[in-house]
Amino acid sequence: MERKKSKKKIVITVIAVLILAFILLNMVLLGAMGGAGPFAFIKKNKLKNHPGNAQAYHLESVEVKEDSPLKGKSLCFLGSSVTLGAQSLDVSFADYIGKKDGCNYVKEAVSGTTLVDSGSNSYIQRMKNNISKDEKFDAFICQLSTNDASKKKELGTISSSENLEDFDTSTVIGAMEYIIVYARQTWDCPVIFYTGTKYDSEMYQQMVDALLKLQEKYDIGVIDLWNDAEMNAVSDEDYELYMADSIHPTQAGYRDWWTPKMEEYLYSYLADQK
């Protein structure tokens, strides 16, 4: 009888150890790959060691452009990991533009989130709940999220209406229309979407195409890095420096590749809005 109890105790102990080991392994993987939890430092250290995130590219290295056309402007950036700078130590083009061009800015960005309104962290919910309606923005700049493509969200169709209540926000296009109209009504400022640079995604290509059609309907701004021939002509060597993966730039990528192109567009587009 005692021997049976002892064997049972050993089995229970082994199972408990295996469960704990499984949990620990998942926590380590979450930290190493997702940058979350008590082992988040693993990914952070890896990112710090990427050549594109070297100290030479840090925000502190940026010189202020005293005669910038954006100086004193107030900008709002809404997006997910690319707007956040998830692979570049939470520094993105938004921060470089803010410092270099002397802007005031709001960066409302959460990794893994979608345009499609499928929860409290969706673009729409964060736009409505986290950004004050009393802000005075000179431009509202929204990321065309790659997460909608990777999560295979329904693309949807362009509405014949321009009323908020008529948009199907469970679709990508409906969510984009909602964001455009809500931002205009709430902050009375130009609305600009930006795309990521080219990567292997048929769904994201469809989203870019839909965005360009929405540009025709609403006369919004579009910073189209996806179809930009100059952006796509970057050398393999520079691409390795500029990108942490096929979607996320490094600090070098933001500072030297994305930011100049986005600044150029903003300078011109906002000047035309006067």
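Preceding this paragraph is the structure being described.
What comes next concerns the included structure. (Residues numbered from 1 in each chain as written. Predicted model: local features only at pLDDT ≥ 70, side-chain atom pairs only at ≥ 80, totals over all residues. Heavy atoms only, no water.)

### Description of the pattern of salt bridges
Line of reasoning, step 1. One pass over the structure, following the stated rule, counts 8 salt bridges.
Line of reasoning, step 2. The salt bridge partner of Lys100 is Glu263, with a shortest N-O separation of 3.1 Å. Placement of Lys100 in helix α4 (residues 93-100) and of Glu263 in helix α11 (residues 251-272) is noted, with a sequence separation of 163 residues between them.
Line of reasoning, step 3. Given a relative accessible area of 3%, Glu263 falls into the buried group.
Line of reasoning, step 4. Put simply, Lys217 and Glu177 hold a salt bridge, and the shortest N to O gap is 2.7 Å. Of this pair, Lys217 sits in helix α8 (residues 202-218) while Glu177 sits in helix α7 (residues 172-187), placing them 40 residues apart in sequence.
Line of reasoning, step 5. By relative accessible area, which is 26% here, Lys217 ends up partly exposed.
Line of reasoning, step 6. Salt bridges sharing partners connect three or more residues here, namely Asp228, Glu230 and Lys261. (Salt bridge = Lys/Arg side-chain N within 4 Å of Asp/Glu carboxyl O. Helix = DSSP H or I, 4+ residues; strand = E, 2+ residues; numbered from the N terminus. Buried < 20%, exposed > 50% of the residue type's maximum accessible area, 1.4 Å probe, protein only.)

### Regarding α7
The periodicity of an α-helix, 3.6 residues per turn, causes residues three or four places apart in sequence to face the same way.
Line of reasoning, step 1. The terminal C-alpha atoms of α7, which comprises 16 residues, lie 22 Å apart, in line with the 22 Å expected from a rise of 1.5 Å per residue.
Line of reasoning, step 2. The element α7 is largely enclosed, with a buried count of 13 among its 16 residues.
Line of reasoning, step 3. The N-terminus of α7 is capped by Thr171, whose side-chain oxygen sits 3.1 Å from the backbone nitrogen of Gly174.
Line of reasoning, step 4. Following α7 by one or two positions, Asp188 adopts a phi angle in the positive range, close to 50°. (Expected span 1.5 Å × (residues − 1). Polar contact = N/O pair within 3.5 Å; in protein donor to acceptor, adjacent residues only side chain to side chain.)

### A closer look at the nonpolar core
Line of reasoning, step 1. One finds Leu115, Phe140, Phe193 and Trp258 to be the most contacted residues of the largest nonpolar core, which totals 73 residues.
Line of reasoning, step 2. Among the elements that line this core, the one with the most residues is α7, at 11 residues. (Core = buried A, V, L, I, M, F, W, Y, C linked by side-chain atoms within 4.5 Å.)

Such coordinate-based values are descriptive only and should not be taken to indicate function.
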